[in-house]
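Structural overview
The residues making up each chain are set out below.
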Amino acid sequence: MTRHRLGSRAFLLLLAAYFALPLLAAFLYSVATRWGDSALPSGYTLAHWTSVFTRPEVSGALGRSLVLSAVALAIDIVLVVPAAYWSVVRNPRIGSVVQTVAVIPFAIPWVVVGAGLQLVVKDTFPALFGSFWLLAAATAAIAFPFLYWAVENSLLAADAARLSEAAATCGAHPMTALVRVILPAIRGGIVSGSLLVVATAMNEFALAKILTGTRYETLPLWAARQFTSRTGNDPNALAVITIFTFGLLFALSALVVWLGRGRATASTMALTRTTEKG
Amino acid sequence: MTSPAPSRAVAEGALPDRAPRPRAASRPSPLPRFGRLVADWLPALPLLAFALLLLVLPAARLLNDTFALRAGGYGLGNVQKVIDNPVDREAIRNSLSLGALQATLSALFGVPAAWLISRMRVAGRATWLALMNVAANFAGIGLAFAMVALIGSTGMLTHLLGVSFPATSSFGGVNIAYLYFNVPMFVLLTLPAMAVLRDDWWEAAQVCHATRWQFWRRIGVPVLAPFTAAGWLLIFTWTIGIYAVTYALASGPQSVKLITLQIGSTLESSVFGLERAAVLSVLLMILAVVSTVLYRLAIRRATRWL
């Protein structure tokens, strides 16, 4: 074994340790009885895992995050699928316009999107200020590109233009063609795009913090409040939620990669994007 | 369908920069011109209106508020106020150096890691990809908590090694936390590019009696440089815009000052007036636009070899 080989092995080992250690520390915290001034906890228990989710503030926050994800996803599906479909079978210029708009949530920080929305809503639609619907719409807006890319890719892969032409030749109404022919053909794309939208909504912090704050406390907001409050915070509960959220996001990501085996690179990329901005 | 060349996947997955697709069935329509226009766009109108209202309008509003003066009219007064504010100057300086440092460190660790991973056998590569995915998924408040549990003043590693790490709310501490997801991100971004550098080229270079150094100097670095530059730009832009981890780690009064935190606290307190948030937001928008344009140039240059 050459020195070169040894060096690269050591480099990878250090990198792996760097990635594993914070997770390990959080996990140990979630099963520790007491963790005072020592390198390892003095005892282990599963009590935090069973008790955290029965606390009303935690189950409430989890429920609110799930509702937010579901509503944002519903908005995105209703808006994106017809647009992507029409772009592929009828008018490609729709695609170019949507791709241009999709650069906004891709490149511009979500704090900035939140700040802009706050300014618009404050004067123009005061009734929406701080409301759940504003947060849901904003979350749907930043997450829609993931669904659009996934749906458009699967429409192109399924050759939806030819499919709908064939359906039209057989006398099917465009709506019938969409529901009976196209949708079954692109189910995979819709599912992986939806998982990305849900992952974004479950983990989204900036918009929730700016737009609704304490009025609609999602799980990331609860975690942030626990973390920053100097008094009365419960590190074990926070550790449980940390590992739980991580497990959820990782499961979603694994599912997306598994669904898009052929185009794994693109989906991995899209997914990393959802978690990066948090 | 054949699988696309990997680096095209980078270009496509990352930014909507795809080749024009074959024109869809254009059937002659009996409708008059306006009717056809409506029929061409109608199913996309809800999405376009939604995006206009929730993404374009806020951006326009921020631009307007940046230059609109409280006394009426437009000018650079708000911008001047931000430039004159020492806290804002510090935040801008910190955010820019954080972005540049993170992008550089990510490239420094990410390029060798991606190279080594790309040359592994299938099992090793799958394991490492999973690990990178794990790390990239571990962001937000949870990461902040884990970092404090690991290297905080009573953290696990602090006790284990008996050393004191930089405070997690300091510039150094935030850097350690950010690298956790930026390095895997960079690896995932550049991994497909590593396949561009084909093994045949190294063999061809050896046939010509090239040394390893000459191979990297003349072939490896020139081919990989644009991909690295593209990854650098994305990490730079995204790092400057991160809010969740930053809020958890550094929202205290003694912590490092960063642009996103200043925007967030201004919106919540409104003591300084919201123009300040608008000016800082527009600064982030300008940075995002510039680096997106540069990113596209880099990708165009990078895909020359395909």
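Residues numbered from 1 in each chain as written. Chains lettered and ligands numbered in written order. Predicted model: local features only at pLDDT ≥ 70, side-chain atom pairs only at ≥ 80, totals over all residues. Heavy atoms only, no water.

Our focus in this paragraph is the nonpolar core. With 187 residues, the main nonpolar core has Tyr148(A), Leu155(A) and Ile263(B) as its most contacted residues. The biggest single contributor to this core is helix H6 (residues 132–157) of chain A, with 17 residues. Discounting chain neighbours no more than four positions away, the residues touching Tyr148(A) are Val80(A), Ala83(A), Ala84(A), Ser87(A), Ile94(A), Gly95(A), Val98(A), Gln99(A) and Leu47(B). (Core = buried A, V, L, I, M, F, W, Y, C linked by side-chain atoms within 4.5 Å. Buried < 20%, exposed > 50% of the residue type's maximum accessible area, 1.4 Å probe, protein only. Helix = DSSP H or I, 4+ residues; strand = E, 2+ residues; numbered from the N terminus. Contact = heavy atoms within 4.5 Å.)

On to the environment of Val181(A), then. Residues and elements named next belong to chain A. By the element assignment, valine 181 lies in helix H8 (residues 174–185). On the basis of relative accessible area, valine 181 is assigned to the partly exposed category, the value being 29%. Each C-alpha atom, one on valine 181 and one on glutamine 118, is 42 Å from the other, the two residues being 63 residues apart in sequence. Filtering out sequence-adjacent residues up to four positions away, valine 181 remains in contact with Leu163, Ala167 and Thr176.

On to the layout of surface pockets, then. If you add up the space inside the second largest pocket, you get close to 940 Å³. Lining the second largest pocket are 24 residues, with Arg5(A), Ser8(A), Trp115(B), Leu116(B) and Arg119(B) sitting closest to its centre. Those elements that provide at least two residues to the lining of the second largest pocket are helix H1 (3–30) of chain A together with helix H5 (86–118), helix H10 (199–207) and helix H11 (212–241) of chain B. Here the element with the most residues in the lining of the second largest pocket is H1(A); it accounts for nine residues. (1 Å grid on protein atoms, 1.4 Å probe; cavity = no way out; pocket = protein on both sides within 12 Å on 5 of 7 lines; lining within 4 Å. Points joined across faces, edges and corners; volume = space filled by probe spheres on them.)

The subject of this paragraph is the interface of chain B and chain A. At the interface, 96 residues of chain B touch 97 residues of chain A. Summed over both partners, the interface of chain B with chain A comes to about 8900 Å²; 76% of that surface belongs to carbon and sulfur atoms. Where chain B packs against chain A, one counts three salt bridges. Taken together, the links from chain B to chain A amount to 12 residue pairs in polar contact (both at pLDDT 80 or more). (Buried area = accessible area lost by both parts, 1.4 Å probe. Salt bridge = Lys/Arg side-chain N within 4 Å of Asp/Glu carboxyl O. Polar contact = N/O pair within 3.5 Å; in protein donor to acceptor, adjacent residues only side chain to side chain.)

It is worth spelling out the packing of aromatic side chains at this point. Applying the stated criterion to the full structure yields 22 aromatic pairs over all chains. Between Tyr85(A) and Trp86(A), the aromatic rings sit 6.1 Å apart at their centres with planes inclined by 45°, giving tilted as the arrangement. On the basis of relative accessible area, Trp86(A) is assigned to the buried category, the value being 14%. With 5.3 Å between their ring centres and 10° between their planes, Trp232(B) and Phe236(B) make a pair best called stacked. Here Trp232(B) pairs with Phe236(B), and both are found in helix H11, just four residues apart, close to one helical turn. (Phe/Tyr/Trp six-rings, centres within 6.5 Å; stacked < 30°, edge-to-face > 60°.)

This paragraph deals with unusual backbone geometry. You will see that Asp159(A), though not glycine, has its phi angle at about 55°, which is positive. As for its placement among the helices and strands, Asp159(A) is situated in the loop between H6 and helix H7 (160–169). Asp159(A) gets classed as partly exposed once you look at its relative accessible area, which sits at 32%. In this model, His209(B) sits at a positive phi of 65°, which is unusual for a non-glycine residue. If you trace the backbone, His209(B) turns up in the loop between H10 and H11.

With that settled, consider helix H3 (residues 56–89) of chain A. Taking 1.5 Å of rise per residue, the 34 residues of H3(A) would be expected to cover 50 Å, and the 49 Å separating its terminal C-alpha atoms lies within 8% of that figure. A bend of about 25° at Val80(A) is the largest found in H3(A), and the proline Pro82(A) appears one to four places after it. (Expected span 1.5 Å × (residues − 1). Bend = angle between axes of the 7 residues up to and from the residue.)

What follows is about the pattern of salt bridges. In total, this model carries 13 salt bridges over all chains according to the counting rule given. With a closest N to O distance of 2.8 Å, Asp40(B) and Arg90(A) form a salt bridge. Within this pair, whereas Asp40(B) is found in helix H2 (residues 33–41), its partner Arg90(A) is found in the loop between H3 and helix H4 (92–107), the two belonging to separate chains. When its relative accessible area of 18% is taken as the criterion, Arg90(A) is described as buried.

The next thing to look at is the packing of helix H12 (residues 235–259) of chain A against helix H6 (residues 122–137) of chain B. Interaxial distance between H12(A) and H6(B) falls to 9 Å at its minimum, and their mutual angle equals 135°. Here H12(A) lies oblique to H6(B), going by the angle between them. With respect to the hand of their crossing, H12(A) and H6(B) are arranged in right-handed fashion. Taken together, the residues of H6(B) that come into contact with H12(A) (itself represented by Phe246(A), Leu249(A), Phe250(A), Ser253(A) and Val257(A)) are Ala130(B), Asn133(B), Val134(B) and Asn137(B). (Axes fitted to C-alpha atoms, helices over the stretch in contact; angles between N-to-C directions. Parallel < 35°, antiparallel > 145°, perpendicular 65-115°, else oblique. Left-handed = near helix turned anticlockwise from the far one by under 90°.)

All chains considered together, the criterion is met by seven cavities of 30 Å³ or more. Roughly 170 Å³ of internal volume is contained in the largest cavity. Contributing to the lining of the largest cavity are 19 residues, with Asn203(A), Thr245(A), Ala139(B), Ile141(B) and Gly142(B) lying nearest its centre. The set of elements that each furnish at least two residues to the lining of the largest cavity consists of helix H9 (187–203), helix H11 (219–228) and H12 of chain A together with helix H7 (141–151) of chain B. Among the elements that take part in the lining of the largest cavity, H12(A) stands out by supplying five residues, more than any other. Considered class by class, the residues forming the lining of the largest cavity number 13 nonpolar, six polar and no charged. (Nonpolar A, V, L, I, M, F, W, Y, C, P; charged D, E, K, R; others polar.)

Take the packing of H3(A) against H11(A) next. Residue and element names in this part refer to chain A. Interhelical geometry of H3 versus H11 gives an angle of 140° and a closest axis separation of 7 Å. By the criterion of interaxial angle, the relationship of H3 to H11 is oblique. Where H3 approaches H11, its residues Glu57, Val58, Ala61, Leu62 and Ser65 are matched on the opposing element by Leu219, Pro220, Trp222, Arg225 and Gln226. Partitioning the contact of H3 with H11 into residue classes produces six nonpolar, two polar and two charged.

The next point concerns H6(B). With 16 residues, H6(B) should reach 22 Å at 1.5 Å per residue; the first-to-last C-alpha distance of 22 Å fits that figure. Residues Trp128(B), Met132(B), Asn133(B), Val134(B), Ala135(B), Ala136(B) and Asn137(B) constitute the buried set of H6(B).

Attention shifts here to the confidence of the model for chain A. A low pLDDT score tells you not to read the predicted coordinates there in detail. Residue and element names in this part refer to chain A. Here chain A shows a mean pLDDT of 86. Residues at 70 or above account for 90%. Here helix H13 (residues 264–276) is the element of chain A with the lowest mean pLDDT, 47, and H3 is the one with the highest, 95. The model gives residues 264–268 a pLDDT under 50, and that stretch makes 10 contacts with residues more than four places away or in other chains. (pLDDT = per-residue confidence, 0-100.)

Next up on the list: the confidence of the model for chain B. Residues and elements named next belong to chain B. With 88% of its residues at a pLDDT of 70 or more, chain B has an overall mean of 84. Between the elements of chain B, mean pLDDT differs from a low of 39, seen in helix H1 (residues 6–14), to a high of 95, seen in helix H3 (residues 45–67). Here residues 1–25 is modelled with pLDDT under 50, and outside its nearest four sequence neighbours on either side it reaches 50 contacts, counting other chains as well.

Take the side chain of Lys209(A) next. Residue placement: Lys209(A) occurs in helix H10 (residues 206–211). A distance of 3.3 Å separates polar atoms of two side chains, one belonging to Lys209(A) and the other to Tyr247(B). Within polar-contact distance, the side chain of Lys209(A) engages the side chain of Glu268(B) at 3.3 Å. Every residue in contact with Lys209(A), bar those within four places of it in the chain, is listed here: Leu221(A), Tyr243(B), Tyr247(B) and Glu268(B).

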